[in-house]
Amino acid sequence: MGLNLMLSWMFSLVIAESGANSTWHGPGSRVPTPLPSCGMLSLHPTVACLGTLLTASCFLDPSCLQSGPPRLGDIIWRLNGETRQLPLSQSIAGNGTVAAVTVLWAEQPRGQLSCYLPHGSSLHLLGMAEYQAGVPPGDLQVEYCVSLWEGNITCYWDPGPETYLPTTYTLHITEEAGPCLWKFRDAGTCLSSRESSSCTIPVENLFAAFKVRLTAVNPLGHASAPDKCMHGMSIVKLSSPEVSATADRSDCFCVAWWQPNEELLRVTDARYEIRYRDVDEASWLQVDFTAAEDAPPSKDICGVSPFTNYSVQVRAIYQNEAFRWSEGGPSWSDWSPASFVMTLPAAPSRGPALWRRIATPDADERREIVLMWKPLQSKEASGRILTYSLRWQRRGQPAILACLTRSLQCALELPASEEHIFFLTASNAVGESPATKLSIPAEQAPAVQGRGGEKQTLPALGQRGVLKPSPGCASLPSIAVLLAVPLLPVLVSPASDRSLLLQWDPPGFAAAAYIFEWDRASENRGHSSSWSYEPGNISKVVLAEAIEPGYLYNLTVFALSDGAVRAAGSASAYSKQIAPFRAPTLRPTRVWPSQVEVQWEEIPLEERGGFIQHYTISYEEQGKDTQAVVVNSSVHRYLIVGLAPDSVVGVSISVTSGGGSTQGSIHSIRTGSFDHGEIELWLSTLCGGLIILLIATALACILKHPLIQGYVWPQVPDPAKSHLASWLPPKMWLNSGNFSAEQSKQQGPGLSNFLCHGASRIICGQQEEMMLPESFLESTGTAEASTARDKYKQPLQNILLLGDVTTLDHAQARSPEPASYQSKVEYSAVIVWVYPGDVPPDSGAPWPQSGPRSPEISGPSHAPGWSICFQSPSSEAPGGSCWQCCQQPDGGLASLDAFPLLRSLAVEGCGDSPPNGDHSAGTLSPGTP
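None of these values were measured; they are calculated from a predicted model. (Residues numbered from 1 in each chain as written. Predicted model: local features only at pLDDT ≥ 70, side-chain atom pairs only at ≥ 80, totals over all residues. Heavy atoms only, no water.)

1. Quick word on the pattern of salt bridges
- Tallied over the full model, the rule gives 27 salt bridges.
- Of the charged contacts in the structure, one is a salt bridge between K183 and D186, with a shortest N-O distance of 3.5 Å.
- For D186, a relative accessible area of 45% corresponds to the partly exposed category.
- One salt bridge connects K437 with D562, and the closest N-O pair in it is separated by 3.3 Å. Taken together, the residues span a long stretch of sequence, with K437 in strand β32 (residues 436-440) and D562 in the loop between β38 (552-561) and β39 (564-574) at a distance of 125 residues. (Salt bridge = Lys/Arg side-chain N within 4 Å of Asp/Glu carboxyl O. Buried < 20%, exposed > 50% of the residue type's maximum accessible area, 1.4 Å probe, protein only. Helix = DSSP H or I, 4+ residues; strand = E, 2+ residues; numbered from the N terminus.)

2. Here's the deal with the sheet that holds strand β11 (residues 152-158)
- Spatial ordering of the open sheet is given by β14-β11-β10-β18, a layout of four strands whose pairing is mixed. Edge strands, defined here as strands with exactly one partner in the open sheet, are β14 (198-202) and β18 (236-237).
- As defined by bridge partners, strand β10 (residues 141-148) adjoins β11 across seven bridges and the pair is classed as antiparallel. When the bridges of β11 are listed, Q141 appears paired with D158. (Pairing = 2+ DSSP bridges.)

3. Thoughts on the pairing of strand β24 (residues 309-318)
- Within β24, nine of the 10 residues are buried, which leaves it mostly tucked inside the rest of the structure.
- In this structure, strand β21 (residues 270-278) lies alongside β24, joined through nine bridges in antiparallel fashion. Considered in β24, the bridge of Y276 is made with V312.
- Pairing analysis gives four bridges linking β24 to strand β25 (residues 339-342), with the strands arranged antiparallel. The partner of V312 across the bridge, within β25, is S339.

4. Thoughts on the packing of aromatic side chains
- Counted by the stated rule, this structure contains 17 aromatic pairs.
- Taking 6.4 Å as the distance between ring centres and 25° as the angle between the ring planes, the aromatic pair formed by Y514 and F516 counts as stacked.
- Ring geometry for Y574 against F611: centres 4.9 Å apart, planes inclined by 85°, an arrangement best described as edge-to-face. Within this pair, whereas Y574 is found in strand β39, its partner F611 is found in the loop between β41 (596-600) and β42 (612-621), the two being separated by 37 residues in sequence.
- Residue Y574 is classed as buried on the basis of its relative accessible area, which comes to 5%.
- F611 gets classed as partly exposed once you look at its relative accessible area, which sits at 45%.
- An aromatic cluster is present here, built from F253, Y276 and Y310 joined pairwise through their rings.
- The positively charged end of R356 is found above the aromatic ring belonging to W355, 4.0 Å away from the centroid.
- In this structure, K374 packs its charged tip against the face of W531, placed 4.9 Å from the ring centre. (Phe/Tyr/Trp six-rings, centres within 6.5 Å; stacked < 30°, edge-to-face > 60°. Lys NZ or Arg CZ within 6 Å of the ring centre and 35° of its normal.)

5. Notes on a nonpolar patch on the surface
- Together, I691, I695, L699, I702 and L703 give the surface a local cluster of nonpolar side chains, amounting to about 550 Å² of exposed area.
- With respect to the element layout, I702 can be found in helix α3 (residues 678-703). (Patch = residues over 30% accessible without salt bridge, like charges linked within 9 Å, V, L, I, M, F, W, Y side chains within 5 Å. Areas by Shrake-Rupley, 256 points an atom, 1.4 Å probe, with all protein chains shown as cover.)

6. Some words on the environment of Y116
- Checked against the element boundaries, Y116 lands in strand β8 (residues 110-119).
- With 12 residues separating them along the chain, Y116 and M128 place their C-alpha atoms 9.2 Å apart.

7. Considerations on the side chain of S239
- One can find S239 in the loop between β18 and β19 (242-246).
- Note on S239: relative accessible area 17%, which makes it buried.
- Reaching out from S239, the side chain makes a polar contact with the side chain of E263 at a distance of 2.4 Å.
- If we ignore the near neighbours within four places in the chain, the residues touching S239 are E150, Q259, P260, E263 and S333. (Polar contact = N/O pair within 3.5 Å; in protein donor to acceptor, adjacent residues only side chain to side chain. Contact = heavy atoms within 4.5 Å.)

What follows is the structure, encoded as structure tokens:
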């Protein structure tokens, strides 16, 4: 049982939700939920007047609810989908059904009311009903009725105020005897809606009286219009006439027409209207016509333009005064289909508008004059123009033909010192137009220069004194020449986006015509200008030819009288200001660490789009907000201050005119690292310091020149021009050059047996162990030993050998030829050892000991005496043997004769030199260098 109750509850919820989304079923309809149903909604009345009360009752069946009887506060009302708080009252029927009753105002022409009972998170639809509200039909009025020749009557009425309810309109027509004395028969009934407001009923006889009755009915009431009595022919609307038009003259054409279907017994029973217009125009001209006699109607239309195509239409209205009692009157027929006619041509009605452009005189005092004219309008031309004739006249002379052409201009070269008069006519197949006159004064007359102050020169044509037309009358640039005439005040304002309104005060004379000249204001000269012509009875004109928004135009008005310019004035204006076509180019001129100066050029006139009002400079540093500065339109340079050194600044410019702004691109500028003049100060300081340093160095070099020269540039004599003795101080000298046998014996027995290792410097140590050993002294004679000991107790001194020393290498030592001593040793060091005999001392000596004598050194024995060994301190002989350093090719010890360079060796002694000629035995005596 509980399961069935639950299923029925869920089924009712689904059906209720679907009913909530259903469409309306008409007024008063209820949408009950399928059984088992928990509720129902009734609404009374379902159709009511606007602003009246409605009663709604929502019935609830407690048997299908689980939670017991509902409370009134639980009922939810919705009107047109919106929740409403409505007053409630409750009643209980006999079967336990609960009724929740409320009232509401019919505020809208249509409404939908529904009631819900909350159930959990959803709403259970109990019932839904609709209502309509409106007003009864108001007063009706039949405006007019029309009877058509086809046999029907159509009436039109005013439906009155809106009823907001479906309303039916009924038109009833009865055929009456006499002026609606009694009903003869019913003609018919017609039903219509409010939207059509008309109805048509067929009738058999238009020559009868008819009564018209109109009623309107809706659910809230009905209304009737007053009856009307009318005769069928008094309200008749004739059919459209059929029209034909012909032309046999240039200023007139004839229109004829007739009524179809023989609707009229006599032509005089109707009145007619004729309208015509130029096919190029929109307005119509209308002519009334009433036939005077019973004849086919026709009408001549005169005063039209020659050689013009016209469109003609005719309509008719019935007129008969026999039915004065009839309410209402006849109606005009529809306009007939258009009929077209072309009038015949005629001679042009006026001459073409003539103007000129004047160049400055050339070297021959001649100037070129370009005559130009406008084509005639079709009405003025009165036909197709075949040729233009330009005649030229000098003052006091007859006019001659200067140019006969189909073009619209002609260039002539004429003397500048004369006044020239021109006459222009246009010819077609019928005749020639009146002449247009234009006078050009002589050059001597005071004149002002063209706009902008420039003078433009055209190329000369022809020869002096010869009137020669330009070949083909080619178009030449426009030249604005304002004569020195009275000023004409001019005011220019925009008429639209593509036109300008030019107004001026009339001059103090009767102007025959006005010439208007205008062109774009531009910095580039040489472009053409536009011009137009207007008759002299106006004081304003709208110029729309070649006018575009965003460009500045210079306009000039010339007042002409008798072909001559008598007054002139000029002005400039934009038809519409727009944003500039581009922003100016921004460039930095100077950059500092904290300031940047930018500059921009002025935008050309043709790219401004309007009058420049101001410039806006925007700049932004990295990590900072954008800054903007507005400057006047006359400023073209700006200094940005307060910037951080060595930073990137984005700078842009926008230009604003009367029509908007244009933003330029962003330029990135890096500020400097040094301020203005700081780099120059550092460079100046550095250069000054360098100059002072150079001066100090130069003074030091001058003051310390000998000392510096001794260290850096020692004086090295040329060995080819000096000898070894020149190197040494004169203390102790050894001359071993050119030794004879006797000299060798006097100096010592071993002097000729010098052993050499290739020496250029003889070094004597300063230490005690470098002194001559006693064994060396003891091996000599007693006297010699004592003398030598006294002498060589002192350390051996350094011996400097300046110059090239020829040594003997191993390959050369084996060569017997003396000329083989070619090796040069430039500054080597030699140590001299002096010892007695030809055998070196033993190893117990304090100087370096040599090893056993090599067998290869064995040779002929030498006489006992002193032996001298020269050894380089940088290299020692194997085993410390001195005499093995340098050997003869035959294996013997090298003698002093084997070293020619050492024969002149000057040796600085270890002590003071003895006087010349006072040498002890065994010492190295000085020799003559």
